[in-house]
There are 4 protein chains.
Amino acid sequence: MNDKPIVSTSRLEAFSDGVIAIIITIMVFDLKLNEVATADILREELYKLLPKSGAYVLSFLMIAIMWVNHHQLLHQIKSTDRSLLWLNMHLLFWISLLPFCSNFLGANPYLPIATMFYSIVLFMVALSFTWIRSYAVRHQLIIESVKQKSHSKAVRKNALALILYAASAMLGFVSVYISFFILLLVPAMYFIPEKIEHS
Amino acid sequence: MNDKPIVSTSRLEAFSDGVIAIIITIMVFDLKLNEVATADILREELYKLLPKSGAYVLSFLMIAIMWVNHHQLLHQIKSTDRSLLWLNMHLLFWISLLPFCSNFLGANPYLPIATMFYSIVLFMVALSFTWIRSYAVRHQLIIESVKQKSHSKAVRKNALALILYAASAMLGFVSVYISFFILLLVPAMYFIPEKIEHS
Amino acid sequence: MNDKPIVSTSRLEAFSDGVIAIIITIMVFDLKLNEVATADILREELYKLLPKSGAYVLSFLMIAIMWVNHHQLLHQIKSTDRSLLWLNMHLLFWISLLPFCSNFLGANPYLPIATMFYSIVLFMVALSFTWIRSYAVRHQLIIESVKQKSHSKAVRKNALALILYAASAMLGFVSVYISFFILLLVPAMYFIPEKIEHS
Amino acid sequence: MNDKPIVSTSRLEAFSDGVIAIIITIMVFDLKLNEVATADILREELYKLLPKSGAYVLSFLMIAIMWVNHHQLLHQIKSTDRSLLWLNMHLLFWISLLPFCSNFLGANPYLPIATMFYSIVLFMVALSFTWIRSYAVRHQLIIESVKQKSHSKAVRKNALALILYAASAMLGFVSVYISFFILLLVPAMYFIPEKIEHS
C-alpha cells in the first residue's frame, strides 16, 4: 500500500445521495394549506398555492437533473481524493441553498431579486460541476475508456448553462418573464444528459 | 466496454430509499400537540388530533406499500438506463406530494376536494409504477428468469388500482365515506405484493 | 433459481437506517430558542428548554439503543421475505411516533398522559422487535451458527422490558417520577446488547 | 466463527452518513424570508438574514469538516464492536446539537452565551473524535499499515483544537469577536485532514 491509497467513490455517492434526497423531498413541506372553513377561503388558499407549487415543480426538476448528472459524472470517476471530497461538498453547499431560494421565489414570484437569487444559486451549482469534472480530468481520476470528446462536449454544455444563468440573474430586472423563460430553457437542454463515449 | 454501459440499480435504489424514508418519516412532524394547560384543552387538542392521526396511519401504510413494491420491482430489474432514472424520478415526484395531501386531508377530513387530491396523487403513483414496469419489460432490463405471466398479473392489478383511485377521486363529491372505503380497499388488495414466478 | 428467491437484508438495512437516522436527528428541531432581547427573557427561555432537552436526550438514547439492537438483530438474519419486510415496517411505524411523544412529554413533563403515550410507544417498539426475532427463528432466516440460547436470553430480556413499559404507562398516574425512573431503568438494562453466542 | 465476529464498518458508515447528511441539510430551513410587500421590508428582512446566513455557512463548513474527518477515520478502521458503535453514537449526539446552537447564534450573534454553547458543542465533537481514535488504536481495530506517527499527529492536532474551543467558550465573555476569530481559525487548521502514513 502506498502513501496515497485509492479511495472508492461509494461513500461519497452515498453521502451526496443522502443530502440531495433530503433537499428534493423536504421542499414539499413549504406547501401547506391551513385549516379551511369556507369555500371562499379555500379558493383563496389554493390560489396563493399556485406560484409556490410552480416553484416546487421547477426546483424538483432542477434537483432531479443535478442528481442524474451527479450520478453520471461519478460513474466516470474511479477514485476520490481529499480535494474531490471538498469540491463535492462545495457543490452540495450550493444545492442546499435551493430550497431557500425556491421558497423565496414561490412567495414573491414577481420580485426580480428572487429570480436573481435563484439564478445565482443555479450558476454556482453549474460552476461546481465544471470544477469537479475538470479536476477529475486533470488528476487522472477518470475511467480511461471515457473519451476526451465527451468531456469537451460536457464542458461546452456547462459553459452555455453558465452564460444563460448569468443572463437570467440580470434580465429579471428587465422582466421576470425573461428569467422564467431562461430558467425553463436550461433544464430542457439538460434533460437528456450527454452521451458518454467509450473507446 | 461498449457505448451503452450496464449501470447497476444500486445507486437508484439508494436514492429512492433515501427519498421514501424521508417522506414516510417526516409526516409525523405534522402531528403536534401544543403546550397544554387544562384538562379541557387537552381533550380538545387530542380530539382535533384524531383525523390527523388517521391520515398519518393511512399515508404511512400507503408509502410502506409503495416501498415494498418498489423493492420488489427493482429486484427484478438487472440494469438501468437514463430513461429509467427519469421514470423513477417521476414516481418519486408523485410520492413526494403525499405528505402535502395527507396534511390537507388530516386537517379537512370531510372536504371532497381533499380526498380528490389524495386520490389523484395515488393514481399518479400507480401510473408511474406501471410505466416503469412496462418500460423495463419493453427494453429487456428485466431478469430473464422472471416469467411473462408475473408481469401480466402485475399490470392487471395496477389497472384495477388505477380504476379504483379514479373512482375515489370522483365519488368523494357524492360522499367522502365512499372515498375512504376505496382508499382502504386498495392497500388491502396490495398488501401482499404479487408473487414473482421464475422459470 | 426457484420460486422463493433469497433476498439479502442489505436494502432492508439501508431503508431502516434512513428512517432511524431521520427520526433521531430531526427531533433536535423542536429545541428552539427565540430571538432573545434581555437577560431575563433569556433565563426564562433557557429554563423552559430544560424539560425539552431532557426529553431530547432520553429519546436520542432510546433510538440509539433501538438502532444498535436493530443492527445486531439483522446481523444474525441471513435473508428476508415479504413478511419480514412488513414486520420491519411495523417496527419503523412505532419508532416514527417517538418524536411526537417526545415533543409532547417535553412540553408537559408532569402530565401522566404524556408519560403514558411515551411508554406505550416504547412498549410497541419492544413488541415489534420480539415479533421480528421470533418470526426469523421460526422461518429459519437466522444464521445457523447463532445458538438457540442467545435467542432465549434476548426473548427473556424483551419480556422484562415489556412488563416494565406497561408498568411505566400505568404508574405515571400515581406519580410521573415512577415513570421517569422506569424509563431510565430500561435503557440502562439494554445499554449493552446481549452477547451473541455462535457454536 | 468465533465468539466475537468481525463486524464491518459499512452499516456504521451508512447510518452516520444519513445522520450527518440530515444535519448539514436541514439547517437551511431556518433561513426563511417571509412574504415581502415593499422594498423597505425586503431590505430589513435581508439585513436580519445576514447573521443567520453567516451562522449557516460556518456550521455547514464545520459539519463538512467533521464528515471528511469521519470518512478518513473510518477508512482506517477495519472492524467495529459494540463500544465503537456507542462511541460513534456519542459523536453523532453532539453533532446533532449543532443546528440548535447555530440557530441560537444566528439569532443572537452578539450574545456571549450563544458563542459559548456553540464552542462547547464543537469541543465535545472534537473530544468524541479523540475517544473513537484512541479506542480503535487501543483495541487493534485499526488497519495495520497505518503508522503510529499518523495517530500521534492526529491526537496532537485534536488536543490543540480542544484548547482553542475551550478558549473560545470563555473568551466570548470578553468579546464575541475573539470567539468568532477562534471559531474560524480551527476550521482553517483542520481544512486539509492529516495525511495518513502507511508503512
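All figures in this text were calculated on a predicted structure; none of them were measured in a lab.

### A word on the overall build of chain A
Looking only at helices and strands, chain A has seven helices and zero strands in total. Taken from N to C terminus, the helices and strands of chain A fall in the order α-α-α-α-α-α-α. Expressed as a percentage of the 199 residues in chain A, the buried residues total 59%. A total of about 8300 Å² of accessible surface is found on chain A, and carbon and sulfur atoms cover 68% of it.

### Concerning the packing of aromatic side chains
The description of two aromatic rings rests on the distance between their centres and on the angle between their planes. Residue and element names in this part refer to chain A. For the structure shown, the criterion picks out 36 aromatic pairs over all chains. Ring centres 6.3 Å apart and planes at 50 degrees place the aromatic pair Tyr110 and Tyr177 in the tilted group. Of this pair, Tyr110 sits in the loop between α4 (98-107) and α5 (112-138) while Tyr177 sits in helix α7 (residues 176-190), placing them 67 residues apart in sequence. Given the relative accessible area of 58%, Tyr110 is considered exposed.

### Observations regarding the side chain of Ser102 of chain C
Residue and element names in this part refer to chain C. Among the secondary structure elements, Ser102 is positioned in helix α4 (residues 98-107). With relative accessibility at 7%, the residue Ser102 sits in the buried group. What Ser102 contacts, discounting residues up to four positions off in sequence, is Met27, Ala55, Tyr56, Ser59 and Tyr118.

### As for the pattern of salt bridges
The full count for this structure, using the stated rule, is four salt bridges over all chains. Note that Asp17 of chain A and Arg11 of chain B form a salt bridge whose closest N and O atoms lie 2.6 Å from each other. With Asp17 of chain A in helix α1 (residues 10-26) and Arg11 of chain B in helix α1 (residues 10-26), this pair bridges two chains. Neither residue differs from the other here; Asp17 of chain A and Arg11 of chain B are each classed as buried.

### A look at helix α4 (residues 98-107) of chain D
Burial of α4 of chain D is extensive: 10 of the 10 residues sit out of reach of the surface. Within α4 of chain D, the full set of buried residues consists of Leu98, Pro99, Phe100, Cys101, Ser102, Asn103, Phe104, Leu105, Gly106 and Ala107 of chain D.

### Side note on the packing of helix α5 (residues 112-138) of chain B against helix α6 (residues 148-171) of chain B
Residue and element names in this part refer to chain B. Two numbers describe how α5 lies on α6: the axes approach to 9 Å, and their chain directions differ by 160 degrees. The angle between α5 and α6 falls in the class roughly antiparallel. For α5 against α6, the interelement crossing comes out left-handed. Contact with α5, carried on its side by Met116, Ser119, Ile120, Leu122, Phe123, Ala126, Leu127, Phe129, Thr130, Arg133 and Val137, involves Gln148, His151, Ala154, Val155, Asn158, Leu162, Tyr165, Ala166, Ser168 and Ala169 of α6 and no other residues of that element.

### Re the environment of Phe180 of chain A
Residue and element names in this part refer to chain A. Relative to the elements of secondary structure, Phe180 occurs in helix α7. Look at Phe180 and you get partly exposed, because its relative accessible area is 23%. Distance from Phe180 to Ile132, taken between C-alpha atoms, is 28 Å for residues 48 residues apart in sequence. Those residues in contact with Phe180 that lie beyond four places of it in its chain are Leu105, Pro109 and Thr115.

### A closer look at the environment of Val176 of chain C
Residue and element names in this part refer to chain C. Structurally, Val176 is set in helix α7 (residues 176-190). Residue Val176 is classed as buried on the basis of its relative accessible area, which comes to 8%. Taking C-alpha positions, Val176 is 6.3 Å from Tyr110, a pair spaced 66 residues apart along the chain.

### Examining the environment of Leu111 of chain B
Position of Leu111 of chain B among the secondary structure elements: in the loop between α4 (98-107) and α5. When the C-alpha positions of Leu111 of chain B and Leu84 of chain B are compared, they lie 37 Å apart, and in sequence the two are 27 residues distant. In this view, Leu111 of chain B contacts Leu42 of chain A together with Phe104 and Val176 of chain B; residues no more than four positions away in its chain are not counted.

### Let's talk about a nonpolar patch on the surface
On the surface, a cluster of nonpolar side chains totalling about 240 Å² of accessible area is made up of Leu171, Val174 and Ile178 of chain A. Along the polypeptide, Leu171 of chain A turns up in helix α6 (residues 148-171).

### Some remarks on α6 of chain B
Residues lying three or four places apart along an α-helix face the same way, a consequence of the helix completing one turn every 3.6 residues. When the terminal C-alpha atoms of α6 of chain B are compared, their 35 Å separation across 24 residues agrees well with the 34 Å that a helix rising 1.5 Å per residue should span. By the burial criterion, the buried members of α6 of chain B are Ser150, His151, Ala154, Lys157, Asn158, Ala161, Leu162, Leu164, Tyr165, Ser168 and Ala169 of chain B.

### Some remarks on the confidence of the model for chain A
All names here are of chain A. On average, chain A scores 83 in pLDDT, and the residues at 70 or more come to 88%. This model gives residues 1-5 a pLDDT under 50, and the stretch forms nine contacts once residues within four places in sequence are excluded. Both scores are given for the predicted complex: the pTM is 0.87, the ipTM 0.84.

### Some words on the packing of α1 of chain B against helix α1 (residues 10-26) of chain C
Packing of α1 of chain B against α1 of chain C leaves a shortest axis separation of 9 Å and a crossing angle of 40 degrees. By the angle between their directions, the pair α1 of chain B and α1 of chain C is classed as oblique. Relative to α1 of chain C, α1 of chain B is oriented so that their crossing is right-handed. From α1 of chain B, Glu13, Ser16, Asp17, Ile20, Ala21, Ile22, Ile24, Thr25 and Ile26 of chain B reach across to α1 of chain C, where they touch Arg11, Ala14, Phe15, Gly18, Val19, Ile22, Ile23 and Ile26 of chain C. Partitioned by chemical class, the residues of the contact of α1 of chain B with α1 of chain C number 11 nonpolar, three polar and three charged.

Thresholds applied
- Residues numbered from 1 in each chain as written.
- Chains lettered and ligands numbered in written order.
- Predicted model: local features only at pLDDT ≥ 70, side-chain atom pairs only at ≥ 80, totals over all residues.
- Heavy atoms only, no water.
- Helix = DSSP H or I, 4+ residues; strand = E, 2+ residues; numbered from the N terminus.
- Buried < 20%, exposed > 50% of the residue type's maximum accessible area, 1.4 Å probe, protein only.
- Areas by Shrake-Rupley, 256 points an atom, 1.4 Å probe, with all protein chains shown as cover.
- Phe/Tyr/Trp six-rings, centres within 6.5 Å; stacked < 30°, edge-to-face > 60°.
- Contact = heavy atoms within 4.5 Å.
- Salt bridge = Lys/Arg side-chain N within 4 Å of Asp/Glu carboxyl O.
- Axes fitted to C-alpha atoms, helices over the stretch in contact; angles between N-to-C directions.
- Parallel < 35°, antiparallel > 145°, perpendicular 65-115°, else oblique.
- Left-handed = near helix turned anticlockwise from the far one by under 90°.
- Patch = residues over 30% accessible without salt bridge, like charges linked within 9 Å, V, L, I, M, F, W, Y side chains within 5 Å.
- Expected span 1.5 Å × (residues − 1).
- pLDDT = per-residue confidence, 0-100.
- Nonpolar A, V, L, I, M, F, W, Y, C, P; charged D, E, K, R; others polar.

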